[in-house]
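Topology and contacts: notes
Spelled out from the first residue to the last, the chains are:
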Amino acid sequence: MTRRIKKVAIVGSGIMGSGIACHFANIGIEVLLLDIVPRELTDKEKAKGLTLQDKVVRNRLVNDALKASLKSKPSPIYNQKFANRITTGNLEDDISKVTDVDWIMEVVVERLDIKKLVFEQLEKYRTPGTIISSNTSGIPIKFMNEGRSEDFQKHFAVTHFFNPPRYLKLFEVVPGPKCKQEVTDFLMMFGEKFLGKTSVLAKDTPAFIGNRIGIFGIQSLFHQVKELGLTVEEIDKLTGPVIGRPKSATFRTVDVVGLDTLVHVANGIYENCPNDEAHALFQLPDFIKTMMEKKWLGSKTGQGFYKKIVTTEGKKEILTLDLDTLEYRSKKRAKFATLELTKTIDKPIDRFKILVDGKDKAGVFYRKNFAAMFAYVQNRIPEISDEIYKIDDAMKAGFGWENGPFEIWDAVGIEKGIKLMKAEGMEPALWVQEMLASGISSFYSIRKGATYYYDIPSKNQTKKPGQESFIILDNIRKSNEVWKNTGAVIEDLGDGILNLEFQSKMNTIGGDVLAAVNKAIDLAEKDFQGLVIGNQAANFSVGANIGMIFMMAVEQEYDELNYAIKYFQDTMMRMRYSAIPTISAPHGMALGGGCEISLHADKVVAAAETYMGLVEFGVGVIPGGGGSKEMALRASDSFSKGDVELNILQENFLTIGMAKVSTSGYEAFDLGLLQKGKDVVVVNKDRQIATAKAHAKLIAESGYTQPAIRNDVKVLGKQALGMFLVGTDSMKDSKYISEHDMKIANKLAYVMAGGDLSEPTLVTEQYLLDIEREAFLSLCTERKTLERIQHMLKTGKPLRN
């Protein structure tokens, strides 16, 4: 049987329910979102003369919840238009509509009695064979299955999303005791392929995998913080990006998630895992109990471990909770000598050996912390998982860790990890001892580009399943390297396709990266069929190396700066007019020059989480690597489709002038940065390079020919320039923009209008590139532009002057 999901019903419209509904809408699926009927009228409803029978009242809870979700930041939806795919209703008037859906998901409050009532009602209308699942974070399936039909139980599983559903990749699938294998297999596939998740098959144990390990880690820190005399700031410094964890680290993450949420899960583990060797650790320390009593739950109550205040001078300040006095104080800077030793090491995985050897308080912390984590995860096998990789996958996808606990143990060294454990009075598990005795000295290995893991039952390294759809650049970089320089590496992806991977800091684009682009095209034209430009770093590229531009401008080396900008432009044109298809694969931030690379590719395969924009206005210049030219060209192409010429040109002008950045790959289409019918978006970033490769191969095999150079770009000249100049002058007079902003905008207007030509004219791309470069260089001579660039280099934030 081939299952297809065309429509889902989500029962429960709280934060999770609405977020899950939005994510199904994100991927094009029709959603029916249901919640209970209110029992009382609000004052507003009474004033309007409404009754409890009015539809607007009966659907108030679900509509208000969805509206609040859609307004929340970060947004749960890729594009606000996608919300049209969600239909709302209530559990009395609309429950019969679940007959027509392909998947029903329960996301109501974590109370077994309420869940059972919901399932009882749903079963009356559910079509046999329809998948039904619960988003519970720990209620045992056997209790939820009680009283349900055989068909219900055969199609029932837990499908556990992490909050927020759009952004956190973990999707735990926990099949019920009678769940059919094909249902389990389908859910695992659907989570990965369609929802863009890391699907992890978990056992029906308290808190499953992600929360069991994650809450252990946080509870362990709660108990260690006082033992080691560490502050809230120090813990967050030690458990953040330095070890490949989110910037919010530990205490800020708890504030965001809500202390009550964490306490609920910790209590559940404490009550339901009496035989856990770390059982006592799940008891709440006194300071957590006090915070719960005082309702210091984090962001939702205005204060937690951190508290935002406005001082008497009107300035905003973030205070920190002193865990000894339980009073708020000014933040203290956290600094450790051990962390200083890791500053030159780019990848967190390479820092762990240094961190555990630290001679200061940080070193003591890491030794204790990792010893506890290694001991705990080794003992959770086979209780919560039979395979080690599932624990690592869950922590990476659910908690944003760059490396899972077994990967970290590998990086420290297994023998070293055991030594750390023994120093804390803990012993290695029997299976770890047997693994070492058999001569296997690591949990993971890489063979022919694939990841292998230590399989405990077979006592051998086994290929990790599900890698066929992915290309992991870390796994092939050494073996498939074709060429490299200081800024990039070119890899052979197989089947005649090369990949160019940026490796500069933040993947900024300087001369070395541009040289690599040209080299990659040379190699592809000579011996290959196509080129992908993609990487698997946090961001595709944050743009051109503005530090280099600043130095040239300060030194007044304008000839060199002119050459550097022309080299960028020429490289972009080389991409556009090469003899092989070029595919850009942006993800994360694709800003400035990173955006310009995508604008000049034959096709863009963007990740759904792509934040793309031409943001050069923030540093006082216009896009100079072909971006200004390209937006004028794209406007020209729209003219022929019958669009109002000045309107479409103005939209593209504002995209640059307001430094608009898409909040998703899909929104980039609305900004004109991606093109409908040509570019595509992939929801699962892990599939992106493989998908880009497939598109390059398909285009090449379909008979790709080198495009003809464009000489038919219609520019509007004085007609458009006059409109833009009047607009910028009006904005300056109204104090919406500064005088320097107006100067930058007028330069951009000149380029996008094609200069001050007396009438609409057809021009070449090179004509536009020349006036773009001239405008860029003239702005680099401005003192205020240099101030903006310097400010950006120092603070990472734009300056308005």
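Please read these numbers as outputs of a predicted model, since none were measured by experiment.

Here we take up the overall build of the chain. Assigned secondary structure in the chain consists of 33 helices and 25 strands. For 801 residues, the compact-globule formula gives about 28 Å, and the C-alpha radius of gyration of the chain, at 29 Å, lands near that figure. A buried classification covers 55% of the 801 residues belonging to the chain. For the chain, contacts bridging at least 24 residues in sequence account for 69% of all contacts bridging at least 6. Accessible surface for the chain amounts to roughly 34700 Å². Of this, 53% is attributable to carbon and sulfur atoms. One finds the centroid of the 104 positive side-chain charges in the chain at a distance of 2 Å from the centroid of its 102 negative side-chain charges.

Ile10, Phe24, Trp103, Leu500 and Leu673 are the most contacted members of the largest nonpolar core, which totals 114 residues. When residues in this core are grouped by element, the largest group, 8 residues, is from helix H22 (residues 511-527). Once residues lying within four places of it in the same chain are set aside, the contact partners of tryptophan 103 are Ile5, Lys7, Val8, Ala9, Phe24, Thr130, Ile131, Ser133, Thr159, Phe171, Leu187 and Phe190. The next biggest cluster of nonpolar side chains, apart from the first, holds 111 residues, and it includes Phe208, Val232, Leu284 and Tyr376.

Attention now goes to helix H27 (residues 645-657). With 13 residues, H27 extends 18 Å between its outermost C-alpha atoms, agreeing within 8% with the 18 Å of an ideal straight helix rising 1.5 Å per residue. Along its buried surface, H27 packs onto helix H26 (627-639), helix H30 (718-733) and helix H31 (739-752).

This part takes up the sheet that holds strand E12 (residues 444-447). Strand order in the open sheet made by the 3 strands is E12-E13-E14, with antiparallel pairing throughout. Two strands bound the open sheet, and with one partner strand each, they are E12 and strand E14 (460-463). On average, adjacent strands in this sheet sit at an angle of 40° to one another, irrespective of strand direction. Pairing geometry for strand E13 (residues 450-455) and E14, over 4 bridges, is antiparallel. What sits directly across from tyrosine 452, in E14, is lysine 463.

Here we take up the environment of leucine 32. For leucine 32, the location among the structural elements is in strand E2 (residues 30-35). In this structure, the C-alpha to C-alpha distance between leucine 32 and proline 274, residues 242 residues apart in sequence, is 40 Å. Setting aside residues up to four positions removed in sequence, leucine 32 forms contacts with Lys7, Val8, Ala9, Ile10, Thr87, Asp94, Lys97 and Val98.

Spatial ordering of the open sheet is given by E15-E16-E17-E18-E19-E21-E23, a layout of 7 strands whose pairing is mixed. Either end of the sheet is taken by a strand with one partner, and the two such strands are strand E15 (481-484) and strand E23 (680-682). Across the sheet, the mean angle separating the axes of adjacent strands is 20° when strand polarity is ignored. As paired strands, strand E18 (residues 530-534) and strand E19 (residues 582-585) are joined by 4 bridges and run parallel to one another. Within E19, the residue paired with valine 532 across the bridge is isoleucine 583. Where H22 meets the sheet, its contacts fall on E15, strand E16 (488-494), strand E17 (497-502) and E18, and the angle it forms with E17 comes to roughly 175°.

As a further point, take the side chain of histidine 600. Tracing the sequence through the fold places histidine 600 in the loop between helix H25 (593-599) and strand E21 (603-607). A polar atom in the side chain of histidine 600 sits 2.8 Å from the backbone oxygen of glutamate 596. Not counting the four nearest positions on each side in its chain, histidine 600 is found in contact with Met572, Met575, Arg576, Thr582, Gly625, Gly626, Gly627, Lys629 and Glu630.

Contact geometry of helix H19 (residues 414-423) with helix H20 (residues 430-437) gives a least axis separation of 12 Å together with a crossing angle of 145°. Pair H19 / H20 crosses with left-handed handedness. The residues of H20 that touch H19, namely those facing Ile414, Glu415 and Ile418, are Val432, Met435 and Leu436. Along the lines of polarity and charge, the residues of the contact of H19 with H20 split into 5 nonpolar, no polar and 1 charged.

What follows covers the pattern of salt bridges. This model, assessed by the stated rule, comprises 57 salt bridges. For arginine 39, the salt bridge identified is with glutamate 92, shortest N-O distance 3.0 Å. Highlighted residues: arginine 39 in the loop between E2 and helix H2 (43-47) and glutamate 92 in the loop between strand E3 (86-90) and strand E4 (103-106), separated in sequence by 53 residues. Classification of arginine 39 by relative accessible area gives exposed; the value is 60%. Taking the relative accessible area as the measure of exposure, glutamate 92 reaches 43% and is therefore partly exposed. Across the pair glutamate 645 and lysine 714 runs a salt bridge, and its minimum N-O distance is 2.8 Å.

Here we come to a negative patch on the surface. On the surface, Glu555, Glu557, Asp559 and Glu560 cluster together into a patch of negative charge. Mapped onto the elements, glutamate 560 comes out in helix H24 (residues 558-576).

We now examine the environment of glutamine 766. For glutamine 766, the position within the fold is in helix H32 (residues 765-780). Residue classification places glutamine 766 among the partly exposed positions, given a relative accessible area of 33%.

The subject of this paragraph is the environment of arginine 111. With respect to the helices, strands and loops of the structure, arginine 111 is situated in the loop between E4 and helix H5 (112-125). The spacing of arginine 111 and threonine 136 is 25 residues in sequence and 9.3 Å in space, taken between C-alpha atoms.

With respect to the element layout, serine 385 can be found in the loop between helix H16 (361-379) and helix H17 (388-399). Within polar-contact distance, the side chain of serine 385 engages the backbone oxygen of glutamate 387 at 2.8 Å.

With that out of the way, let us pick up the packing of helix H23 (residues 546-554) against H24. For the pair H23 and H24, the least separation of the axes is 8 Å and the interaxial angle reads 150°. In terms of orientation, H23 lies roughly antiparallel with respect to H24. Handedness of the H23/H24 crossing: left-handed. On H24, the residues touching Met548, Ile549, Met552 and Ala553 of H23 are Tyr558, Glu560, Leu561 and Ala564. Classifying every residue of the contact of H23 with H24 gives 7 nonpolar, no polar and 1 charged.

Moving on, we come to the pairing of strand E5 (residues 131-134). Side chains of E5 alternate between two faces, with Ile131 and Ser133 and Ile132 and Ser134 buried alike. Note that E4 and E5 share 4 bridges and pair parallel. Among the inter-strand pairings, methionine 105 is bridged to a residue of E5, identified as serine 133. Running through H5, the crossover from E4 to the neighbouring parallel element E5 is right-handed. Bridging between E5 and strand E6 (residues 156-161) involves 3 bridges; their strand directions are parallel. Within E6, the residue paired with serine 133 across the bridge is alanine 157.

What counts and how
- Residues numbered from 1 in each chain as written.
- Predicted model: local features only at pLDDT ≥ 70, side-chain atom pairs only at ≥ 80, totals over all residues.
- Heavy atoms only, no water.
- Helix = DSSP H or I, 4+ residues; strand = E, 2+ residues; numbered from the N terminus.
- Rg over C-alpha atoms; globule rule 2.2 N^0.38 Å.
- Buried < 20%, exposed > 50% of the residue type's maximum accessible area, 1.4 Å probe, protein only.
- Contact = heavy atoms within 4.5 Å.
- Areas by Shrake-Rupley, 256 points an atom, 1.4 Å probe, with all protein chains shown as cover.
- Lys, Arg positive; Asp, Glu negative; His and termini not counted.
- Charge placed at Lys NZ, Arg CZ, Asp CG, Glu CD.
- Core = buried A, V, L, I, M, F, W, Y, C linked by side-chain atoms within 4.5 Å.
- Expected span 1.5 Å × (residues − 1).
- Pairing = 2+ DSSP bridges.
- Axes fitted to C-alpha atoms, helices over the stretch in contact; angles between N-to-C directions.
- Polar contact = N/O pair within 3.5 Å; in protein donor to acceptor, adjacent residues only side chain to side chain.
- Left-handed = near helix turned anticlockwise from the far one by under 90°.
- Nonpolar A, V, L, I, M, F, W, Y, C, P; charged D, E, K, R; others polar.
- Salt bridge = Lys/Arg side-chain N within 4 Å of Asp/Glu carboxyl O.
- Patch = residues over 30% accessible without salt bridge, like charges linked within 9 Å, V, L, I, M, F, W, Y side chains within 5 Å.
- Parallel < 35°, antiparallel > 145°, perpendicular 65-115°, else oblique.
- Right-handed = clockwise from strand over helix to strand, strands pointing away.

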